[in-house]
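Summary of the model geometry
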Amino acid sequence: MSTSDVEAEARPPRSESRFPGAVAMLAIVTVLVWVAALFVPSGRYQLDADGSPIPGTFERTPSPLGFGDTVRQLVLSPVNGVYGLRNAETGFIDTETLGRMAGQIGVITFIMAIGAFISVSFATKALEVAVAALAHRLRDKGWLLIAAVMVLFSALGSTMGFSVETLGFYALFMPLMAAMGYDRLVTAAMIILGALVGVMAATVNPFSIGVAAGEAGVSIGEGIGLRMLLWVVLTAMAVAWVLRYAARVQRDPSSSLLARDALEDGPEGAAPTGVVAEQDTSQAHLSGMQKAVLAITAGAFALMIFSVIPWSAVLGGRAAPADYYGTHEVAGIEPFWFELNWWFPELSMLFIVASVAVGIVARMGEKQTVKLIAAGAADMLGPAMVVLLAGGVSAIMNNTQTMGTILHSMEQAVSGASAGLFTLLTVLVNVPLGMLIPSSSGHGALAMPLLAPLADFAGVDRATTITAWIMGHGLALMFSPTSVVLVGGLAIAKVGYDKFLRFAWPLLLALFVVSAALIGAVATLA
C-alpha cells in the first residue's frame, strides 16, 4: 500500500453535502431575498422635513418595477453592491444616477489595501519573528490576550461603532493565535463577537444611539445607566464563552470545530499563510530593518483607530444626525482641532502608503514591492466578493420598495402592547430589520420615528425603547449573512458560516434572553 493510500484512509471521508461557502451562501441569500420581494407588496410612509417616516401614514403603492426591471435588479445586485449610488430624490440605488455612494466599494478597497500591507510586511519576516517571540512569552497567558482584545473592541464598538475597521486586524492576530495553539475560529470569534457585542450594547455611539436619540427627541445620555449595565454583562458573557472554547481547543486540538476542515484541506488549511513554526523563530532576534517594519505596522494601526473616532461627538455626548457607512461623520457638531474624521478612502491609502514605506525600509525595490502589493490585494478578492454580495442584498430590498411594508408590519406588531411585552417585541421585530438594514444609523432613522410614539402609548420610556432597539439590531449583526463585519471576517479567517453559527448560537440565545429580561424588568418597574 502506498503512502498516499495510507493518508487517504487516515483522512476522514468528505461529507456528501457540505454547507456552501461564503460566496455561494450570499448568492443563495440574494436569490431568496429577490424571490421574497416579488411577493411582498410595495408601500411607503409619508416623510417629515428630516426624511423620517411619520407614524400612521403608511399606504400601499403600486410596484415601482415591472417583472423585467425586477429581474434586472437581481442581475445587477452585485454591481449595485459595489458602487451603486443612492439618488437623493427617489432613494433608488443604481450605477447610472447622481447621488451618494451606497455600494461597498470603500470597504472592498480597504480590505484589499490591508491585504497588500500584510503581504509586504510578511515578506520581511518581521511579523513572524515578533509573533513567535510574543507567543512564547504569552504561551500560558493566551486567555489574557483574548479577554483584553475583546474588551477593547467591545468598548470601541460601544462608544463609536468600531466594527468594520476590525477587518484589518485578522492578518495580525491569526498567526499569533495559531502560534499559541488556537484555531481560526477563536481568532474570528474574538474579533467579531468582541466588536459586535459592543455595537449591541452601545452606550454613547453617535452612529446608533446618537441617531436614535435624535429621532426620539431625547438626549444621548438618557438611559446610560441601563446601557452601561448591559455592556458590562453582555461583554462578560461573550468573553467567557470564547475563553471556554479557546481553552478546550488549546488543551485538545482535535476538539476544534475546524478539525475536519484542517484534515480535508491538508497542511495548507492548517494555518494561515506565512506562519512558521514557533520553534523556528522563537529564538530569533529582530534586525534593525525588522524593528522599523514593526514600528510602521504599529503606527499604521494606531493611526487607523485614532483617525476614525468622532472625538467631539463621543466626548460631547450629543445626539445629532450621523452616518457610519457613508461619510462617517456626525452632522451639526464642531469637530475638535485634532480630529481627522478619516474613513475608507483615507484608511485605504494609509495602508497603501505604509506598504510602500515597508518596501523602502526593507530595500525591496520597485518591482518586488509592486508584486507583493498586487499579490496581497488579490488574496482578499474572496472576502471582497462576500462584501459586495451583502451590499447587493440591501440594494434589492431598497429598490423594490418593500421596506415600507416591513416597517408597517413592525409598527403593527408592537402597537398596543404592555410595557414589558413592548420592549420584548421591540427587540424581536428589530432583529429581522437589522438583517435587512445593517447600518445602525439607517436602521435608527427608519425605526425610531415609529417606535418612539408607540412607546409613549405603552408607557415605556423612550430611552429604554432606544436600548431595546439597539439590542435587536446588534444581535442581528452577529448572525446575519448581510453583516459585513461577520461574513467579511469569516471569509478572511477562512471559517465556515455554519461552523460559526454552531459555535455561537447558545451565546446569541443567552444574550437575547438576558438583554430582553433586563430591559423588560426596567420598563415594567418604571
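Look up a bit, the structure's there.
A few points on the structure. (Residues numbered from 1 in each chain as written. Predicted model: local features only at pLDDT ≥ 70, side-chain atom pairs only at ≥ 80, totals over all residues. Heavy atoms only, no water.)

1. Quick notes on unusual backbone geometry
Not every positive phi belongs to a glycine, and Lys125 is a case in point at roughly 65°. Mapped onto the elements, Lys125 comes out in the loop between helix H4 (105-123) and helix H5 (126-137). In the Ramachandran plot, Asn341 falls in the positive-phi region, its phi being about 55° despite a non-glycine side chain. Examined against the element boundaries, Asn341 turns out to sit in the loop between strand S7 (329-330) and helix H15 (344-361). (Helix = DSSP H or I, 4+ residues; strand = E, 2+ residues; numbered from the N terminus.)

2. Brief notes about the packing of helix H6 (residues 142-160) against helix H10 (residues 224-251)
A pair of packed helices is captured by two measures, namely the crossing angle of their axes and the spacing between those axes. Running from N to C, H6 and H10 cross one another at 150°; their axes reach a closest spacing of 10 Å. The two elements H6 and H10 meet at a crossing, and its hand is right-handed. Facing H6, whose interface residues are Trp143, Ile146, Ala147, Met150, Val151, Ser154, Ala155 and Ser158, H10 presents Trp231, Thr235, Ala238, Val239, Val242, Leu243 and Ala246. In terms of residue class, the contact of H6 with H10 is made up of 12 nonpolar, 3 polar and no charged. (Axes fitted to C-alpha atoms, helices over the stretch in contact; angles between N-to-C directions. Left-handed = near helix turned anticlockwise from the far one by under 90°. Contact = heavy atoms within 4.5 Å. Nonpolar A, V, L, I, M, F, W, Y, C, P; charged D, E, K, R; others polar.)

3. A closer look at helix H3 (residues 67-83)
Between its first and last C-alpha, H3 extends 24 Å over 17 residues, near the 24 Å set by a 1.5 Å rise per residue. Where H3 bends most, at Leu76, the angle is about 60°, and the proline Pro78 comes one to four residues later. For H3, the complete set of buried residues consists of Thr70, Gln73, Ser77, Asn80, Gly81 and Val82. As for H3, its buried residues are in contact with helix H2 (22-39), strand S4 (93-94), strand S5 (99-101), H4 and helix H17 (381-399). (Expected span 1.5 Å × (residues − 1). Bend = angle between axes of the 7 residues up to and from the residue. Buried < 20%, exposed > 50% of the residue type's maximum accessible area, 1.4 Å probe, protein only.)

4. Things to note about the packing of aromatic side chains
All told, the structure shown has 20 aromatic pairs when counted by the stated rule. With 5.2 Å between their ring centres and 65° between their planes, Phe153 and Phe169 make a pair best called edge-to-face. Taken together, the residues Phe153 in helix H6 and Phe169 in the loop between H6 and helix H7 (170-179) connect sequence positions 16 residues apart. Accessibility assignment for this pair places Phe153 and Phe169 in one class, buried. Put simply, the rings of Phe110, Phe117, Phe153, Phe162, Phe169, Phe173, Phe301, Trp343, Phe344 and Phe351 touch in pairs and so form one group of aromatic residues. Here the guanidinium or amino end of Arg244 rests over the ring plane of Trp241, the centre of that ring lying 5.0 Å away. (Phe/Tyr/Trp six-rings, centres within 6.5 Å; stacked < 30°, edge-to-face > 60°. Lys NZ or Arg CZ within 6 Å of the ring centre and 35° of its normal.)

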